[in-house]
Amino acid sequence: MSTPEELSIQMAHHSAIRSMQRIVQEQAEADPEPVARDGVQSLLDAGKVLVVTGAGVSTDSGIPDYRGPNGSLQRHRPMTYQEFRYRPEARQRYWARGFVGWRHMDKAKPNDIHRRLVQWEREGRISGIITQNVDGLHQQAGSRRVVPVHGDLSIVRCLDCGYSENRQQFDARLQAANVGYLEAVEIDPSAVNPDGDVELPQYLVDRFVMVHCMNCGSEVLKPDVVYFGESVPAERKEAMHALESESSSLLVLGSSLAVMSGYRILLDFVKRGLPVALVTNGHVRGEEKATWRWRVPLDHALSQLR
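Residues numbered from 1 in each chain as written. Predicted model: local features only at pLDDT ≥ 70, side-chain atom pairs only at ≥ 80, totals over all residues. Heavy atoms only, no water.

1. Examining the overall build of the chain
What counts here: Helix numbering and strand numbering both begin at the N terminus, where a helix is a DSSP run of H or I of at least 4 residues and a strand a DSSP run of E of at least 2. Burial classification: accessible surface area is computed with a 1.4 Å probe over protein chains only, and a residue below 20% of its type maximum counts as buried, one above 50% as exposed, and the rest as partly exposed. Working rule for contacts: check all heavy atoms of both residues, and any pair within 4.5 Å makes them a contact. Each accessible area value is a Shrake-Rupley result obtained with a 1.4 Å probe; residue values ignore everything except the protein chains displayed when judging cover.
A tally of regular secondary structure across the chain gives 11 helices and nine strands. Within the chain, the fraction of its 306 residues that count as buried is 52%. Restricting the contact set of the chain to residue pairs at least 6 apart, pairs at least 24 apart contribute 75%. When the accessible surface of the chain is totalled, it reaches about 14300 Å², and 49% of it is carbon and sulfur.

2. Here's the deal with the side chain of Glu287
Take Glu287: it is sitting in the loop between β8 (276-280) and β9 (292-295). The exposure class assigned to Glu287 is buried, which follows from its relative accessible area of 1%. Contacts of Glu287, omitting those with residues within four sequence positions, involve Gln25, Glu26, Gln27, Ala28, Leu278, Arg293 and Arg295.

3. Focus: the packing of helix α4 (residues 88-107) against helix α7 (residues 167-177)
Angle between the axes and distance between the axes: these two values describe a pair of packed helices. Just so we agree on the cut-off: Axes, fitted as lines to C-alpha atoms, cover a helix only where it is in contact. Angles between the N-to-C directions of the axes lie from 0 to 180 degrees. An angle below 35 degrees is read as roughly parallel, one above 145 as roughly antiparallel, one from 65 to 115 as roughly perpendicular, and any other as oblique. We call a crossing left-handed when the near helix sits turned anticlockwise from the far one by less than a right angle, and right-handed when that turn is clockwise. Charged residues are taken to be Asp, Glu, Lys and Arg, nonpolar residues to be Ala, Val, Leu, Ile, Met, Phe, Trp, Tyr, Cys and Pro, and polar residues to be all remaining types, Gly included.
At a minimum axis separation of 11 Å, α4 and α7 run at an interaxial angle of 125°. With respect to α7, the axis of α4 lies oblique. Regarding α4 and α7, the two cross each other, and that crossing is left-handed. Between α4 and α7, the contacting residues are Trp95, Gly98, Phe99, Trp102, Arg103 and Asp106 on the first element and Arg167, Gln168, Phe170, Asp171, Leu174 and Gln175 on the second. Tallied by class, residues from the contact of α4 with α7 come to five nonpolar, three polar and four charged.

4. Side note on the confidence of the model for the chain
As a reminder of what qualifies: Scored from 0 to 100, pLDDT records how confident the predictor is in each individual residue.
Confidence in the prediction of the chain, expressed as mean pLDDT, is 89, and 85% of residues score 70 or more. Counted against residues more than four places away or in other chains, residues 70-75, with its pLDDT under 50, gives 20 contacts.

5. Here's the deal with the nonpolar core
To keep it simple, the criterion reads: Each nonpolar core is a collection of buried residues, namely Ala, Val, Leu, Ile, Met, Phe, Trp, Tyr and Cys, held together in the definition by side-chain atoms within 4.5 Å.
Within the largest apolar cluster, 33 residues are counted, with the highest numbers of intra-cluster contacts made by Trp95, Phe170, Tyr181, Leu200 and Phe208. Secondary structure elements with two or more residues in this core: α3 (81-86), α4, β4 (151-158), α7, α8 (202-207) and β6 (221-225). Residue contributions to this core peak at eight residues, all from α4. Leaving out residues up to four positions away in the same chain, Phe170 has contacts with Trp95, Val156, Glu165, Met210, Val211 and Leu221. Counting residues in each nonpolar core, the second largest holds 24 residues, with Leu43, Leu44, Trp294 and Leu302 among its members.

6. Things to note about helix α5 (residues 112-122)
Rules: Polar contact criterion, stated in full: a pair of N or O atoms within 3.5 Å, where within protein one must be able to donate a hydrogen and the other to accept it, and residues adjacent in sequence count only if both atoms are side-chain atoms.
When we look at burial in α5, the residues that qualify are Ile113, His114, Arg116, Leu117, Val118, Trp120 and Glu121. Among the structural elements, α2 (33-46), β1 (49-53), β2 (126-131), α6 (137-141), β7 (249-253) and α11 (298-303) are those in contact with the buried residues of α5. Two or three places before Ile113, at the opening of α5, Asn111 has a side-chain oxygen 2.8 Å from that residue's backbone nitrogen. Directly beyond the C-terminal end of α5, a positive phi value near 80° is found at Gly124.

7. Considerations on α7
Note the threshold: When we speak of the arc, we mean the arc of directions from the helix axis to the C-beta atoms.
Among the residues of α7, Arg167, Phe170, Asp171 and Leu174 are the ones counted as buried. For α7, the arc enclosing every buried residue in end-on projection is 100°, short of the 170-degree limit, so these residues lie on one face. Turning to α7, the residues buried within the fold contact α4, β4, β5 (164-166) and β6. Put simply, Asn166 is the residue that caps the front of α7, since its side-chain oxygen is 2.7 Å from the backbone nitrogen of Gln168.

Structure follows, in structure tokens:
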């Protein structure tokens, strides 16, 4: 019979699975392009626009999205926090696969969309960016006011003592412990998922050697990203609220807002009676509440904006 703690962990895990499996369907028709374009342009001209970005912003950098027609959720279910924290074999599988996938993620570079957002920030059009992405590309491009709500793959944290380590240093330790491992693996770069994970055969997972925390010796090391089933840290929520409070409108780029951390932002702006514009190539949770809906590829939309 399961203990109350075990039941709580199981419930959180199943809730996380439901969240990642959420399908965002059409709730409202897109606006005609001239109407949507002029609406978005009016927000940018007025300034103080809060931008929320999702995986669609990074697809041109070679990182696949989650929920699009060819998104990684079609072939891959991300690990929940509960699996990672309480199942050593799950952590072994994640780090073996992440060790390989990190090669590709680390090579990704900012694209024209990231650079346009830098330009808008310098011109005073946007107040800042809340990104659901964990690739760090907004910061690499030069955006200054960025809240990575789901964290950053470039940091590794010990769940036992809290010690954090730069991913480059951590990766060097993994390479030293796994000489010849990467040479034994052949993958298609397009198969790497947005969380840096990639499918590997079980014999390679079993062969992988994990390293320990440099501070306490624990093996419970995790990328400093928010997994499904895990809460956004309080300090990050405070930073998000600060950006929201000084913004006069919301512009969502390349996100379905399927998870609550993004959807809640839309609800907050609607509650305040402020305009909301959605620019995506698919559907967005709560899209019927938006002021403008522009359903096109992001590069096409940005080519139309000043």
